[in-house]
Amino acid sequence: MNAFRTLDDAGSLKGKRVLLRVDLNVPMENGRVTDATRIERVVPTIREIAEAGGKVILLAHFGRPKGKPDPKDSLRPVVETLGRHLGRPVAFAEDCVGDVAAQAVAALKDGDVLLLENTRYHAGEEKNDPAFTDALAKNGDIYVNEAFSAAHRAHASTEGLAHRLPAYAGRLMQAELDALTKGLEAPSRPVVALVGGAKVSSKIDLLQNLVSKVDMLVIGGGMANTFLHAQGKGVGKSLCERDLAETATRILEAAKAAKCRIILPVDAVVASEFKANASHETVGVDHVPESGMILDAGPDSVTEIDAAIDAAATLVWNGPLGAFELAPFDAATVAAARHAAERTKAGKLVSVAGGGDTVAALNHAGVGEDFSYISTAGGAFLEWLEGKALPGVEALRAR
């Protein structure tokens, strides 16, 4: 973590106006927060700054208003839930810049918390416009980024501000960067990556990066069918991107050159229709019937995956191994997730997971609390897995 400036490097916060970028883009229904996970995760940093005597000024986006104020994208409904989890009042300003914001900031006492209105109400936010960045910076003495989930965007409040004010990673950002460093950048070896999901097309960059970084790569879910097809195996009516067979072959060749062992399903759970509890059978991947759909990896495949996890010191997980939303086609995902969780709890594995359906799949398996770190960052986590530099993270590097 020495490569990044954190709150530990910020010195005394007493009396300082702290612009804290958070992710409050939470699910809402009828003006009420339906899932407060993202709010809960930023509470410790808000509380730490407030208790140190800092004036906490929260910057966040909500929805996609595209530079125009829209009542449905207002952050005002978040205030009540945020205050309840924080255990202290949260003030609200109807704008994030200009006189309205300045007056609200001026009214703050040490330890107070203020939420400014949606940064995306201004076109300058997503354009990373220097004038808009300057307008935001006027209200702060230091900048703290707690929104790893938005760090892949070079926006005014996620990247621009880090060049205007002394800038630091918040505790959640710090934990995320620490976990990611342990996952791929400086991992304990051997490293196994498990990548599942529907399509190869959405994860080409990810797979190409991973084969050069990990020792073993498990490929599951619908995307495994494309690789099986590329190897000349029949996959029946399964989801399969046949036009990407050449791409799959290239990835397999790159893995061989990098001495990365690819683990594909050796058996599969096959059904004739895509629905819960559909009539199904388990067959070897050389014997998938023409009328069948592969909906999960079979038990022999899970045995191979568990053995790879046993051999590894680090696991990076992205995506399910099958159609985990439909019983019984969740069996492989649940079994492998629980095995990884047991190894983690025994202190034998560092397990880092995130992106897409991953969080839902691990929660479904009942192990959401048992991995070393589960990222809720979605797009940012995927871009990091792909080996891309994240603007909001790069701006926090110690200079």
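Treat the numbers as computed from the prediction; the structure is a model and nothing was measured. (Residues numbered from 1 in each chain as written. Predicted model: local features only at pLDDT ≥ 70, side-chain atom pairs only at ≥ 80, totals over all residues. Heavy atoms only, no water.)

1. Notes on the overall build of the chain
Of the regular secondary structure elements, the chain holds 14 helices and 17 strands. Relative to a compact globule of 399 residues, whose C-alpha radius of gyration would be 21 Å, the chain shows 23 Å and is just as compact. Here the C-alpha coordinates of the chain stretch approximately 70 × 45 × 40 Å along the principal axes. Burial analysis of the chain (399 residues in total) assigns 57% to the buried set. Once local pairs closer than 6 in sequence are excluded, the contacts in the chain between residues at least 24 apart make up 74%. When the accessible surface of the chain is summed, it comes to about 16,400 Å², and 49% of that surface belongs to carbon and sulfur atoms. The positive charge centre, built from 44 side chains, and the negative charge centre, built from 52, are 4 Å apart in the chain. (Helix = DSSP H or I, 4+ residues; strand = E, 2+ residues; numbered from the N terminus. Rg over C-alpha atoms; globule rule 2.2 N^0.38 Å. Buried < 20%, exposed > 50% of the residue type's maximum accessible area, 1.4 Å probe, protein only. Contact = heavy atoms within 4.5 Å. Areas by Shrake-Rupley, 256 points an atom, 1.4 Å probe, with all protein chains shown as cover. Lys, Arg positive; Asp, Glu negative; His and termini not counted. Charge placed at Lys NZ, Arg CZ, Asp CG, Glu CD.)

2. Focus: the side chain of Ser351
For Ser351, the position within the fold is in strand β16 (residues 350-354). Of the polar contacts made by the side chain of Ser351, one reaches the side chain of Thr344; its length is 2.8 Å. (Polar contact = N/O pair within 3.5 Å; in protein donor to acceptor, adjacent residues only side chain to side chain.)

3. Comments concerning the packing of aromatic side chains
Scanning the entire structure with this criterion turns up 2 aromatic pairs. Ring centres of Trp317 and Phe371 lie 6.0 Å apart, and the angle between their planes is 70°; this geometry places the pair in the edge-to-face category. Of the two residues, Trp317 is situated in strand β15 (residues 314-318) and Phe371 in the loop between α12 (358-364) and β17 (373-375); the sequence distance between them amounts to 54 residues. The exposure class assigned to Phe371 is buried, which follows from its relative accessible area of 6%. For the pair Phe381 and Trp384, a centre-to-centre distance of 5.8 Å together with 45° between the ring planes defines the contact as tilted. (Phe/Tyr/Trp six-rings, centres within 6.5 Å; stacked < 30°, edge-to-face > 60°.)

4. So, the environment of Asp178
Of note, Asp178 is situated in helix α6 (residues 171-185). In the structure, Asp178 is positioned 195 residues away from Tyr373 in sequence and 9.6 Å away in space, judged by C-alpha atoms.

5. Looking at the sheet that holds strand β14 (residues 293-297)
The strand order β13-β12-β14 describes an open sheet built from 3 strands, whose pairing is antiparallel. Each edge of the sheet is formed by a strand with only one pairing partner; in this case those strands are β13 (280-284) and β14. Averaged over neighbouring strand pairs, the angle between their axes works out to 40° when direction is ignored. Relative to β14, strand β12 (residues 267-271) runs antiparallel, the two sharing 4 bridges. Each bridged residue has a counterpart across the sheet, and for Ala268 the counterpart in β14 is Ala297. This element, helix α10 (residues 299-311), spans β12, β13 and β14 of the sheet and lies at about 140° to β12. (Pairing = 2+ DSSP bridges. Axes fitted to C-alpha atoms, helices over the stretch in contact; angles between N-to-C directions.)

6. Describing the nonpolar core
Core analysis: the biggest nonpolar cluster contains 106 residues, and Phe148, Leu207 and Leu217 have the highest contact counts within it. In this structure Phe148 touches Met173, Glu176, Leu177, Leu180, Ala377, Ala380, Phe381, Leu390 and Val393, once residues within four positions along its chain are discounted. Judged by nonpolar contacts, the second largest core, of 27 residues, contains Leu194, Ile263, Ile309 and Ala353. (Core = buried A, V, L, I, M, F, W, Y, C linked by side-chain atoms within 4.5 Å.)

7. With respect to unusual backbone geometry
Most peptide bonds take the trans configuration, and most residues that are not glycine carry a negative phi. Going from Arg189 to Pro190, the amide bond is cis rather than trans, its omega being 5°. Relative to the elements of secondary structure, Pro190 occurs in the loop between α6 and β9 (191-195). Along the chain, Ala327 connects to Pro328 via a cis peptide bond; the corresponding omega equals 0°. Assignment of secondary structure puts Pro328 in the loop between β15 and α11 (331-345). The phi torsion at Lys259 lies on the positive side, around 60°, for a residue other than glycine.

8. Focus: the pairing of β15
Burial analysis of β15 places 5 of its 5 residues in the buried class, the great majority of the element. By the alternation rule, side chains of β15 split into Thr314, Val316 and Asn318 and Leu315 and Trp317, which are all buried. Summarising the sheet, β15 and β16 pair through 4 bridges and their orientation is parallel. Directly across from Trp317, in β16, lies its bridge partner Ala353. One crossover worth recording links β15 to the parallel β16 by way of α11, and it is right-handed. (Right-handed = clockwise from strand over helix to strand, strands pointing away.)

By themselves these figures say nothing about function.
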